[in-house]
Amino acid sequence: DDPAILLARFALVLVASWAAGSLVQRVRLPRITGHIFAGIACGPHVAGVATERLASMLTSLDVVCLAVIGVAAGAELRASELRKNPRPTLVMTLAISTLSFLFVLLSVVLLLGPTSIAMLRGLSTWHAVAVGSLAGTLAIARSPASAIAVLHEMRGKGPFCSHVMAVTIVKDVLVVVAFALNMEAVALSGLAFHPYDVAYSAADGTAGGLGRSAARSAFALMRPFAVVAASAACGVLAGVGLFGPALKPARQRPTLSRVLRPAYVLVIASGLYATSASCGLEALLICMLAGATAANRRHDSGERERDALELAVRGLMPINNLVFFTSVGCGLRVPAVVDSGLVAAAMTVARTGALMVACRLGCVLVGAPAAHKEVMWQGFVTQAGVALGLVRTMERKFPGWGEDLGSLMVACVVVNLLIGPPLFRNAIVAVGESGVAGGGGGGATAGVGARSGAGGAPVGIAGEV
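All figures in this text were calculated on a predicted structure; none of them were measured in a lab.

Caption draft 1: Summary view of the overall build of the protein chain. The helix and strand inventory of the protein chain stands at 21 helices and 0 strands. Taken across its 465 residues, the protein chain has 53% of its residues classed as buried. Contacts spanning at least 24 positions in sequence make up 78% of the contacts within the protein chain whose residues lie at least 6 apart.

Caption draft 2: View of the packing of helix α7 (residues 125-138) against helix α9 (residues 159-189). Contact geometry of α7 with α9 gives a least axis separation of 9 Å together with a crossing angle of 170°. Looking at the two axes, α7 sits roughly antiparallel to α9. Residue-level contacts link Ala130, Ser133, Leu134, Thr137 and Leu138 of α7 to Val175, Ala178, Phe179, Asn182, Met183 and Val186 of α9. For the contact of α7 with α9, the residue count by class is 8 nonpolar, 3 polar and no charged.

Caption draft 3: The side chain of Thr89, seen in detail. Among the secondary structure elements, Thr89 is positioned in helix α6 (residues 87-116). Excluding residues that lie within four positions of it along the chain, Thr89 makes contacts with Leu82, His163, Ala166, Val167 and Val170.

Caption draft 4: Geometry of helix α4 (residues 62-75). Given a rise of 1.5 Å per residue, 14 residues ought to cover 20 Å, and the 20 Å separating the end C-alpha atoms of α4 matches this to within 8%. Among the 14 residues in α4, 12 count as buried, and that is most of the element. Where α4 is concerned, the buried positions are Asp62, Cys65, Leu66, Ala67, Val68, Ile69, Gly70, Val71, Ala72, Ala73, Gly74 and Ala75.

Caption draft 5: Representation of the pattern of salt bridges in the model. Applying the stated criterion across every chain yields a total of 1 salt bridge. Note that Glu374 and Arg360 form a salt bridge whose closest N and O atoms lie 3.1 Å from each other. Here the residue Glu374 occupies a position in helix α17 (residues 370-375), and Arg360 occupies one in helix α16 (residues 341-366), the gap between them amounting to 14 residues.

Caption draft 6: Here's a closer look at a nonpolar patch on the surface. Taken together, the side chains of Leu102, Phe103, Leu106, Leu110, Leu111, Met356 and Val357 present a nonpolar region at the surface, about 660 Å² in accessible area. Broken down by secondary-structure element, the contributors of at least two residues to the nonpolar patch are α6 and α16. Ranked by residue count, the leading element in the nonpolar patch is α6, at 5 residues. Within the secondary structure, Leu110 sits in helix α6.

Caption draft 7: Seen up close, the packing of α9 against helix α19 (residues 401-430). Running from N to C, α9 and α19 cross one another at 170°; their axes reach a closest spacing of 16 Å. Taken together, the axes of α9 and α19 are roughly antiparallel relative to one another. Each of Phe160, Cys161, Val164 and Val186 in α9 lies in contact with α19, whose residues at this interface are Trp401, Phe424, Ala427 and Ile428. Looking at the contact of α9 with α19, its residues break down into 8 nonpolar, no polar and no charged.

Caption draft 8: Highlighting the environment of Arg87. Here Arg87 shows up in helix α6. Along the sequence, Arg87 and Leu365 sit 278 residues apart, while their C-alpha atoms lie 9.7 Å from each other. Setting aside chain neighbours within four positions, we find Arg87 in contact with Leu365 and Val366.

Caption draft 9: Representation of the nonpolar core. Grouped together as the largest cluster of nonpolar side chains are 128 residues, with contacts concentrated most on Phe160, Met347, Trp401 and Leu405. With near-sequence residues (within four places) excluded, Leu405 lies in contact with Met119, Val131, Leu134 and Met394.

Caption draft 10: Seen up close, the environment of Gly420. The topology assignment puts Gly420 in helix α19. Distance in space between the C-alpha atoms of Gly420 and Val381 is 4.9 Å, their sequence separation being 39 residues. Dropping the residues within four chain positions of it, Gly420 is found in contact with Gln378, Val381 and Thr382.

Caption draft 11: Main features of α16. The end-to-end C-alpha distance of α16, which contains 26 residues, comes to 37 Å, matching closely the 38 Å that a straight helix rising 1.5 Å per residue would cover. Residue Gly367 follows α16 closely and has a positive phi angle near 70°.

Caption draft 12: Main features of the confidence of the model for the protein chain. Overall, the prediction assigns the protein chain a mean pLDDT of 77, with 83% of residues at 70 or greater. Within the protein chain, the element-level pLDDT minimum falls on helix α21 (residues 461-464), averaging 29, and the maximum on α16, averaging 90. This stretch, residues 195-211, has a pLDDT under 50; its non-local contacts, to residues over four places away or in other chains, come to 21 contacts. Throughout residues 440-465 the model reports pLDDT below 50, and contacts reaching past four residues in sequence, or to other chains, amount to 53 contacts.

Caption draft 13: Representation of the state of the cysteines in the model. Tallied over the full model, the rule gives 0 disulfides. Free of any disulfide, Cys42 has its nearest cysteine sulfur in Cys330, 6.3 Å distant. Looking at Cys42, the relative accessible area reads 11%, which means it is buried. The closest cysteine sulfur to the non-disulfide-bonded Cys234 is located on Cys279, 8.0 Å from its own sulfur.

Caption draft 14: Looking closely at the environment of Met317. Among the structural elements, Met317 can be located in helix α14 (residues 302-330). Along the primary structure Met317 and His152 are separated by 165 residues, whereas in three dimensions their C-alpha atoms are 7.7 Å apart.

Caption draft 15: Summary view of the packing of aromatic side chains. Per the stated rule, a full pass over the model turns up 1 aromatic pair. A ring pair is formed by Phe324 and Phe325, whose centres lie 5.0 Å apart and whose planes are at 85°; its orientation type is edge-to-face.

Criteria and cut-off values
Residues numbered from 1 in each chain as written. Predicted model: local features only at pLDDT ≥ 70, side-chain atom pairs only at ≥ 80, totals over all residues. Heavy atoms only, no water. Helix = DSSP H or I, 4+ residues; strand = E, 2+ residues; numbered from the N terminus. Buried < 20%, exposed > 50% of the residue type's maximum accessible area, 1.4 Å probe, protein only. Contact = heavy atoms within 4.5 Å. Axes fitted to C-alpha atoms, helices over the stretch in contact; angles between N-to-C directions. Parallel < 35°, antiparallel > 145°, perpendicular 65-115°, else oblique. Nonpolar A, V, L, I, M, F, W, Y, C, P; charged D, E, K, R; others polar. Expected span 1.5 Å × (residues − 1). Salt bridge = Lys/Arg side-chain N within 4 Å of Asp/Glu carboxyl O. Patch = residues over 30% accessible without salt bridge, like charges linked within 9 Å, V, L, I, M, F, W, Y side chains within 5 Å. Areas by Shrake-Rupley, 256 points an atom, 1.4 Å probe, with all protein chains shown as cover. Core = buried A, V, L, I, M, F, W, Y, C linked by side-chain atoms within 4.5 Å. pLDDT = per-residue confidence, 0-100. Disulfide = S-S within 2.5 Å. Phe/Tyr/Trp six-rings, centres within 6.5 Å; stacked < 30°, edge-to-face > 60°.

As structure tokens, then:
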């Protein structure tokens, strides 16, 4: 395609995705569901409006989209609430992470195994354990992108939404470290899935990876912790040094400042993400912590700075979600997803069952309201960017069988990505924290516009308006 035709296709795909988002919104589904379906329909494996080159171009915009999503997710964290009572977040994170890992691991080893998963046929139980452990760790991941998209669309605010976002952020830190350690453990195990893997190990001078020196093995196991620690430090520094000055109340030309602030956040977040990724750090984690730091600084104008960041992010999110989730749909390998459909559905059922049990158990342990017990699990179903990023890391780590497992995990992520946003939307409405008129359950008065600060002064988006 020449540039003019490519640009026309790009515009057509985005217009179709926007229309699909508006259409599904009429039947009370989140807009991002329409964006995903439109991306799949326009993608190279279905209608072909988005060619492979255009799909690759859309994917290259993920850096910008994920940067904004990371800052938005971090800005949703209420550090004051977490400091007052960290127990609910930690208990829910531990319950969901442990049970999700165990349910999916056991479903692969005991129920599916070689009879259902082609790559395990003729291999040992330890191979099934290795695959199941990777799948189980990926099951912990939750999508901050979709959570932020639904929260902003529904204008969800309240204890339930804050709790879901806090657990999501903590789990994302946990899953990044856990998956890196899991991959190192599988590499050290020396299990060979294909002759290619044996040749690779021999060329490396090891017997399946077990012959590495103790120092090298220790370095490989410690590296994920070091990367996360360095990323956390960079995120906090970026939140103070980069975002902080731009969010201070403007004494002159406040209107112009409000207009330029979203552009500043977009440029700084994108540059931060790209630089972090090129240095081998956890870019999404850095952006999340930068947003959290900028939104939770404790000084005289801290509340107004939080409101300014919320307003800037809210202006960016509609177009950001349109591009990101359309890109996810266009880049989907539909044939691989179809081939893995039944196994992916079984693993999704196992993960959903784990979420139901874990969330009910967690709510009982922390004394959550009765309304939260019934719908809490619906806030943690969706998977997207973080999980897909980890899948791509695994495919590079284990050429050959890693790609086969990657196709299966992408199918699981897609199922969760399609069913998760409507479930989260339903949960927000059910607990009465929707700020959208007609959202149900008193949502029109429970959202952003009705939130009050000390002395009854309105804060959040209403305060900025």
